[in-house]
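# Inside the fold
The primary structure of each chain is shown beneath.
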Amino acid sequence: MAKNAQGSSQKRAKKLAAKKLAISDFSPEIEVVGHSTPLSLDEQKQVKSTLKVCSLTKIKTLTSSIHLNKELEGLCDLTVMDWPYYGKLKATFAPLFKLRCLRRALTSYDILHIQYDIAGYMPLFLPVLWLLSPFKRAKIVMTLHEKYDNVPLASLVIAFHNLWYRQADALLVHTQEHKDFLAQSLHSRIHVVPHGVIEAPGVKHRFDSDTILLAGYVNAWKGHDLAVKAMPAVIKEVPTAKLLVLSRSNDLEYEDAVKKTIEELHLKGCVEWNDKRIEESEMFAFFDKSAISLLPYRRITMSGILSHTLSRGVPAVMSDLPPFIEVTKGKAVYFKSRDPEDLSKKLIGLLKDKALQKRMSADFIALAKEYAWSSMALMTLNVYNELTETS
């Protein structure tokens, strides 16, 4: 009986392979035009696209690309081109060193998907694209991770990146807020494809801890100083509370200032600082042991740490920034951005409310399923299909 059902499913998928696929913005299902019943995820994977796609990314360090490309491999003819950003001088001339590789990507594939903000690291990439444009066959897709509205000379930096973005046939961003920001100065095709989440079937969060986890790189816009300043009030109300900083620094001056604040507030016994390099898979154990995942960011476009928080179903307190509220759909606990006093109140409230912790954990696990990498890959493939169908 099971074999007959499987055979029927395979036949149905093959019959539908040549038909146009359309996907709604946040649905994991693909609807086949002209057919009332959507394909299951298993059937979708059997309908492999004949598109030739070249993914340009940092193979070893950009984990989001690793997860996305793993799913795309089963959906289209995918080639991954490693393009790390090297040191400053080497990065500047990298487009010239790899001119032949880039020309091959533009002439031999249907899609060239540049999966990180390469322009800032390699300014020569833009003139090289112009140079190769007469030979271009591939449609160019770019995934954007930053807005650059908070950097020195922001208007000039944004203007330069807009020149770069205009070379793309489609831009992918992770939130509607980012899309709205870009739409102020760009009229290109901008698509919202949320940051994927690693599914963890059967994950069940524990609720017997008072550890507050602050994971991710240490720098001023991540708000580590806000977390430290909030802790004295938290410990007064919940004496067993502890802040675990699981971070490596890319701003040593800021890190030193935060550690000095820990000493001044006499928090050494209440704050644990782990700055060892930890692989993504090992990091999940720290999430599973924590009561709260804390994201006290001053600004954000999207956060991989938030994706891990959803994946493991860890209750969270985060800044009331629009991207956070959008992605979590209002189901987290939010504090007034940059306000350590409000942060301490929200941490105390969540630590004391186990029922709220359990509800939030269940909500996050449901969101993780919605944002699964397999679904995000299908949304990405749909963008590829739209581009090639309209050419």
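Inspection of the secondary structure puts Thr328 in helix H13 (residues 322-328). Of note is the side chain of Thr328, whose polar atom sits 2.5 Å from the side chain of Tyr334. Setting aside anything within four residues of it in sequence, one finds Thr328 in contact with Leu306, Met318, Tyr334 and Leu367.

Right, let's talk about the pattern of salt bridges for a bit. One pass over the structure, following the stated rule, counts 15 salt bridges. Put simply, Lys147 and Asp149 hold a salt bridge, and the shortest N to O gap is 4.0 Å. In this structure Asp149 comes out as partly exposed when scored by relative accessible area, which is 35%. As a salt-bridge pair, Glu237 and Lys352 come within 3.0 Å of each other at their nearest N and O atoms. In this pair, Glu237 is assigned in helix H9 (residues 224-237) and Lys352 in helix H14 (residues 340-352), connecting sequence segments 115 residues apart. Given the relative accessible area of 41%, Glu237 is considered partly exposed. When salt bridges that share partners are traced, they join Lys147, Asp149 and Glu177 into one network.

Relative to the assigned elements, His195 resides in the loop between strand S8 (190-192) and strand S9 (211-215). For His195, a relative accessible area of 15% puts it in the buried group. Within the structure, His195 has its side chain in polar contact with the side chain of Ser307 (distance 3.0 Å). The contacts of His195, once residues within four sequence positions are left out, are Ser64, His174, Met302, Gly304, Ser307, Tyr371, Trp373 and Met376.

This paragraph deals with the environment of Pro239. By the element assignment, Pro239 lies in the loop between H9 and strand S10 (242-246). Taking the C-alpha atoms as reference points, Pro239 and Asp210, separated by 29 residues in sequence, lie 9.2 Å from one another.

This brings us to the packing of aromatic side chains. Here the distance between the centres and the angle between the planes together describe a pair of aromatic rings. In this structure the tally under the stated criterion is three aromatic pairs. An aromatic cluster is built from Trp221, Tyr297 and Phe324, whose rings are joined through pairwise contacts. Note that Arg103 overlies the ring of Phe135, its terminal NZ or CZ placed 4.2 Å from the centroid. The ring centre of Trp221 lies 5.1 Å from the NZ or CZ of Lys222, which sits over that ring.

It is worth spelling out the sheet that holds strand S7 (residues 170-173) at this point. Either a parallel or an antiparallel arrangement is found when strands of a sheet pair, and the pairing is made through backbone hydrogen bonds. Pairing is parallel across the open sheet formed by six strands, whose spatial order is S4-S3-S5-S6-S7-S8. A strand with exactly one partner marks an edge of an open sheet, and here the two such strands are strand S4 (77-82) and S8. Strand-to-strand twist of the sheet, defined as the mean angle between neighbouring strand axes without regard to direction, takes the value 20°. As judged from the four bridges shared by strand S5 (residues 111-114) and strand S6 (residues 139-143), these two strands associate in the parallel manner. The partner of Ile111 across the bridge, within S6, is Lys139. With respect to the sheet, helix H8 (residues 176-183) is in contact with S7 and S8, its orientation differing from that of S8 by roughly 170°.

This brings us to the sheet that holds strand S12 (residues 292-295). Taken together, six strands build an open sheet; the order of strands is S11-S10-S9-S12-S13-S14 and the sheet is parallel. The outermost strands of the open sheet, each flanked by one partner alone, are strand S11 (271-274) and strand S14 (333-335). Between one strand axis and the next, the sheet turns by 25° as a mean value, whatever way the strands run. With respect to the sheet, H14 is in contact with S9, S12, strand S13 (316-319) and S14, its orientation differing from that of S14 by roughly 160°.

So, on to the nonpolar core. Core analysis: the biggest nonpolar cluster contains 60 residues, and Leu243, Leu310 and Val317 have the highest contact counts within it. Once residues within four sequence positions are removed from consideration, Val317 is found in contact with Ile292, Ser293, Leu294, Leu295, Val333, Phe335, Leu343, Lys346, Leu347 and Leu350. Of all hydrophobic cores here, the second largest spans 36 residues; its members include Leu129, Leu132, Tyr165 and Ile190.

Moving on to the environment of Leu378. Secondary-structure assignment places Leu378 in helix H16 (residues 373-389). Once the C-alpha coordinates of Leu378 and Leu72 are considered, the two residues, 306 residues apart in sequence, prove to be 7.8 Å apart.

With that out of the way, let us pick up the pairing of strand S3 (residues 52-57). Summarising burial for S3: five of the six residues are buried, a large majority. Across four bridges, the pairing between S3 and S5 is parallel. In the strand pairing of S5, Leu56 is matched with Ile114.

Reading the values: rules and limits
- Residues numbered from 1 in each chain as written.
- Predicted model: local features only at pLDDT ≥ 70, side-chain atom pairs only at ≥ 80, totals over all residues.
- Heavy atoms only, no water.
- Helix = DSSP H or I, 4+ residues; strand = E, 2+ residues; numbered from the N terminus.
- Polar contact = N/O pair within 3.5 Å; in protein donor to acceptor, adjacent residues only side chain to side chain.
- Contact = heavy atoms within 4.5 Å.
- Salt bridge = Lys/Arg side-chain N within 4 Å of Asp/Glu carboxyl O.
- Buried < 20%, exposed > 50% of the residue type's maximum accessible area, 1.4 Å probe, protein only.
- Phe/Tyr/Trp six-rings, centres within 6.5 Å; stacked < 30°, edge-to-face > 60°.
- Lys NZ or Arg CZ within 6 Å of the ring centre and 35° of its normal.
- Pairing = 2+ DSSP bridges.
- Axes fitted to C-alpha atoms, helices over the stretch in contact; angles between N-to-C directions.
- Core = buried A, V, L, I, M, F, W, Y, C linked by side-chain atoms within 4.5 Å.

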